[in-house]
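# Structure assessment
Spelled out, the chains give:
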Amino acid sequence: MRIRALRLKTLLASAVLTAGVALVSAPLASAGSPDGAVQSPQLGQFTQAQAEKFWTPERLRGARPVIQDAPKAAARPANASPVLTPGGDQFGNAQAARPYTSDFNTRVTGKVFFLNPRDGLTYVCSGSVINSTGKSVVATAAHCVFQGGAGQSVWSQNFIFIPSYDNNSRPLGTWSAATFWIPTTYFNHGNDGFTHEDDVATVAIAAQGTSKITNVVGGLGWVSNNSGVINGWDTHGYPQELYGGQNQLRCIGNGRDAGGFNGDTYLFTNNCVAFGGWSGGPVINGSNQLLAVTSGSDRSTNSFYARAASNTWVPVLNAAQAAGF
């Protein structure tokens, strides 16, 4: 049965032109891939100065969540059961220890900001730096980079990633995207407001001079396929809804398979409840490997995460690496 998702993305308070800074970065080229991945147009990249000028502290701090359709969305979400996170609240979530740059999992996790060309508004997600041959890839949710319906080439713009984001502080810099890849299956059904197990994406991050993001920040390993019961993982993100979005949160959970739409499975848990803004945040195993990214949550019951499954995750990662990232 399809489960209507609480889509974990949030909009900023306004989207106005700033003098001297282009609001929308123009597409240059596009490409599709026959190996299970679809690439966005390449993006006209912000320079570091342009990115920081457009994404002002006011715009970053002004983010608030947009909650899409969710069946039986409770006024108050169901509590996590049981709470496994030390110091966790009733939803299983706890603030990550500061400084975020001092711990590997908090260091590689960051906050994503982008413009949705469909409505002209700016939004926020979470993401993480991962290992790749070109040292230049961030993993996030597909719905954070792709805004089209089925087969429509509508992609996020003005996309930046701020690793270890901390209440408007950018301790490891502001990094702009060069292009994105999503699974062909996600492109075919579109960003339709449902949680899908193929809701994964790789973001090619532009270098800053000779510096590449993985060399500066570090990167998670990744699992090509996983199934069954996985216990003791650690998920990180920046929920705007309820928590304000300025602090990085974490939650420890035990997970198991739940049936998906496209032949894969969700990572299902009762221990963590995700809120708006956590989309794209990593689910990390004890070996510092990416198991999944946060996709959506039916808050009245349980949380759902997109699996890093072989037929969805590997093609988008391989495509990014084949392009030199």
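Bear in mind the structure is a predicted one, so any value in this text is a computation, not a measurement.

## What to know about the packing of aromatic side chains
Across all of its chains, the model carries 13 aromatic pairs by this definition. Taking the centre distance of 4.9 Å and the plane angle of 85° together, the rings of Phe-54 and Trp-55 count as edge-to-face. Comparing Phe-54 with Trp-55, the two get one shared label, buried. Members of the aromatic cluster, connected to one another through ring pairs, are Phe-54, Trp-55, Phe-113, Tyr-165 and Tyr-238.

## What to know about the nonpolar core
Grouped together as the largest cluster of nonpolar side chains are 47 residues, with contacts concentrated most on Val-145, Ile-182 and Trp-313. The leading source of residues in this core is strand E11 (residues 175–183), at six residues.

## Overview of unusual backbone geometry
For the bond from Ser-81 to Pro-82, the omega torsion is -5°, close enough to zero to count as cis. Following the sequence through the fold, Pro-82 ends up in the loop between strand E5 (64–66) and strand E6 (94–95). Put simply, Arg-98 and Pro-99 share a cis peptide bond, and its omega is -5°. Mapping Pro-99 onto the fold places it in the loop between E6 and helix H3 (104–108). Phi is positive for Ser-164, close to 60°, though the residue is something other than glycine. One can find Ser-164 in the loop between strand E10 (157–163) and E11. A relative accessible area of 0% places Ser-164 in the buried class.

## Considering the environment of Val-283
Counting through the fold element by element, Val-283 comes out in strand E17 (residues 282–284). Of the residues examined, Val-283 reaches a relative accessible area of 0% and is grouped as buried. Once the C-alpha coordinates of Val-283 and Ala-306 are considered, the two residues, 23 residues apart in sequence, prove to be 9.4 Å apart. Not counting residues within four places of it along the chain, the set of residues in contact with Val-283 comprises Trp-233, Asp-234, Thr-235, Leu-267, Gln-289, Leu-290, Leu-291, Ala-292 and Tyr-305.

## Points about the confidence of the model for the protein chain
On average, residues of the protein chain score 82 in pLDDT, and 82% of them reach the 70 mark or higher. Here residues 1–32 scores under 50 on pLDDT; set against residues more than four positions off or in separate chains, the count is 143 contacts.

## Some thoughts on the pattern of salt bridges
According to the stated counting rule, one finds two salt bridges in the structure shown. One salt bridge in this structure joins Asp-166 and Arg-98, with 2.8 Å as the shortest N-O distance. Taken together, the positions of Asp-166 in the loop between E10 and E11 and Arg-98 in the loop between E6 and H3 put the pair 68 residues apart, joining distant regions of the chain. A salt bridge links Arg-250 to Asp-234; its shortest N-O distance comes to 3.2 Å. Of this pair, Arg-250 sits in strand E15 (residues 249–259) while Asp-234 sits in strand E14 (residues 230–237), and the two are 16 residues apart along the sequence. You can call Arg-250 partly exposed: its relative accessible area is 22%.

## A short note on the pairing of strand E7 (residues 109–116)
When you tally the buried positions in E7, you get eight out of eight residues, the bulk of the element. Bridge count for E7 against strand E8 (residues 121–130) is eight bridges, and the pairing is antiparallel. Looking across to E8, one finds that Phe-114 is bridged to Tyr-123. Between the end of E7 and the start of E8, which pair antiparallel, lie four residues, with Gly-120 showing a positive phi angle near 75°. Where E7 and E10 come together, five bridges link them in antiparallel fashion. The partner of Val-112 across the bridge, within E10, is Phe-161.

What counts and how
- Residues numbered from 1 in each chain as written.
- Predicted model: local features only at pLDDT ≥ 70, side-chain atom pairs only at ≥ 80, totals over all residues.
- Heavy atoms only, no water.
- Phe/Tyr/Trp six-rings, centres within 6.5 Å; stacked < 30°, edge-to-face > 60°.
- Buried < 20%, exposed > 50% of the residue type's maximum accessible area, 1.4 Å probe, protein only.
- Core = buried A, V, L, I, M, F, W, Y, C linked by side-chain atoms within 4.5 Å.
- Helix = DSSP H or I, 4+ residues; strand = E, 2+ residues; numbered from the N terminus.
- Contact = heavy atoms within 4.5 Å.
- pLDDT = per-residue confidence, 0-100.
- Salt bridge = Lys/Arg side-chain N within 4 Å of Asp/Glu carboxyl O.
- Pairing = 2+ DSSP bridges.

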